[in-house]
Every structure is written in structure tokens, then in C-alpha cells.
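Here's the letter readout for the chains.
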Amino acid sequence: MLCPNCQKEMIVVERNQIELDYCINCNGFWFDNNEWNLLIQKLTQENNYNYDIDLYNIPKAIVKENIKKCPICNTKMDKFIAYDIILDRCPNKHGIWFDKNEISKFINYTNLNNNKTPIKFLGEIFYGN
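Residues numbered from 1 in each chain as written. Predicted model: local features only at pLDDT ≥ 70, side-chain atom pairs only at ≥ 80, totals over all residues. Heavy atoms only, no water.

Q: Is there a simple way to think about the side chain of Lys68 in this case?
A: Tracing the backbone shows Lys68 in the loop between α1 (33-47) and β4 (78-82). Judged by relative accessible area, which is 6%, Lys68 ranks as buried. Reaching out from Lys68, the side chain makes a polar contact with the side chain of Asp99 at a distance of 3.3 Å. Other than its neighbours up to four places away in sequence, Lys68 contacts Pro4, Asn5, Thr75, Lys76, Met77, Lys79, Asp88, Trp97 and Asp99. (Helix = DSSP H or I, 4+ residues; strand = E, 2+ residues; numbered from the N terminus. Buried < 20%, exposed > 50% of the residue type's maximum accessible area, 1.4 Å probe, protein only. Polar contact = N/O pair within 3.5 Å; in protein donor to acceptor, adjacent residues only side chain to side chain. Contact = heavy atoms within 4.5 Å.)

Q: What should I look at first to understand the nonpolar core in this one?
A: It is characteristic of soluble globular proteins that their nonpolar side chains tend to be buried jointly. Of all hydrophobic cores here, the largest spans 20 residues; its most connected members are Phe31, Trp36, Leu55, Phe98 and Phe106. Sorting the residues of this core by element identifies β2 (18-22), β3 (29-32), α1, β4, β5 (85-89), β6 (95-98) and α2 (102-109) as the ones contributing at least two each. (Core = buried A, V, L, I, M, F, W, Y, C linked by side-chain atoms within 4.5 Å.)

Q: Looking at this structure, I do not really get the pattern of salt bridges. What am I missing?
A: Charged atoms that come close allow side chains of opposite charge to pair. All told, the structure shown has four salt bridges when counted by the stated rule. Of the charged contacts, one joins Lys79 and Asp88 as a salt bridge, the two residues approaching to 2.5 Å between their closest N and O atoms. A residue is classified by how much of its surface remains accessible, and Lys79, at 5% relative accessible area, is buried. Here the salt bridges share partners, and the residues they tie into one network are Glu65, Lys68, Lys79, Asp88 and Asp99. (Salt bridge = Lys/Arg side-chain N within 4 Å of Asp/Glu carboxyl O.)

Q: What is the right way to read unusual backbone geometry from this model?
A: Of all residues except glycine, most have a negative phi; of all peptide bonds, most are trans. With a phi close to 65°, Asp84 is a non-glycine residue in the positive phi region. Here Asp84 shows up in the loop between β4 and β5. What makes Asp84 exposed here is its relative accessible area of 69%. Of note, Asn101 is a non-glycine position whose phi angle comes to about 75°, a positive value. One can find Asn101 in the loop between β6 and α2.

Rendered as C-alpha cells:
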């Protein structure tokens, strides 16, 4: 799958039945819609807390940022703002794109960082700890 930001081939990383597409060139993350839901479900189970974060219910935003195309259907992605971060999502709900550093900003702005579980999870994906 090609990166929606730099058009380079992304690598697939998998941990605990959750696959992420990661661009080693620009350090962006692609979460297929199902993978995002699995991550939220996993965090909810591990922390006994309901993380109700539906990134598809946030209204579109008009911003001056380059339009990216969905790596699955090649449709122009919608921009939206979540926790002061401009993110990209496929209008056909194929997934959500996080540019470099956006995933860490997102985690820090939300209560997802409660007891460091997401950081640990992402570390496990890349370092196998």
C-alpha cells in the first residue's frame, strides 16, 4: 500500500491482532477503520474504561493543507480537527491517516494516555517488547 503523504510503499506491522501500515519514509500511520476500532476496543478492555472516540462523527474542516488520497480507494480524504490536530480520513470509511507525530499528539491530548497503554502498545509493535 502506498503512503498517502509521500507515495512510498508502507510496511505492515502487527501486534496483538492489530495491523498498522507505517511509512518508514515520512513516519506516518494508516489505521484501517477496523484496526482503529480494534485498538480502541483493546484499550477499553485493558483499562476497564470506555474510550468512546469515533473519529468519523467529527465534522469536516476546511483547512489549508495538502489533500491526501485514501491508499485503498484513491478518493480525496476529508480533513477534520480532533484535539487541535488536523487529521485525514477516507470519506468511504476505509481508514484514518496520522502524519508524523500526530498519533503521539493525539494520544497526549486525549485520555488514551491513561497508564501509558497506547504508548506501550505502539512500542510493542515496533520493538516487540
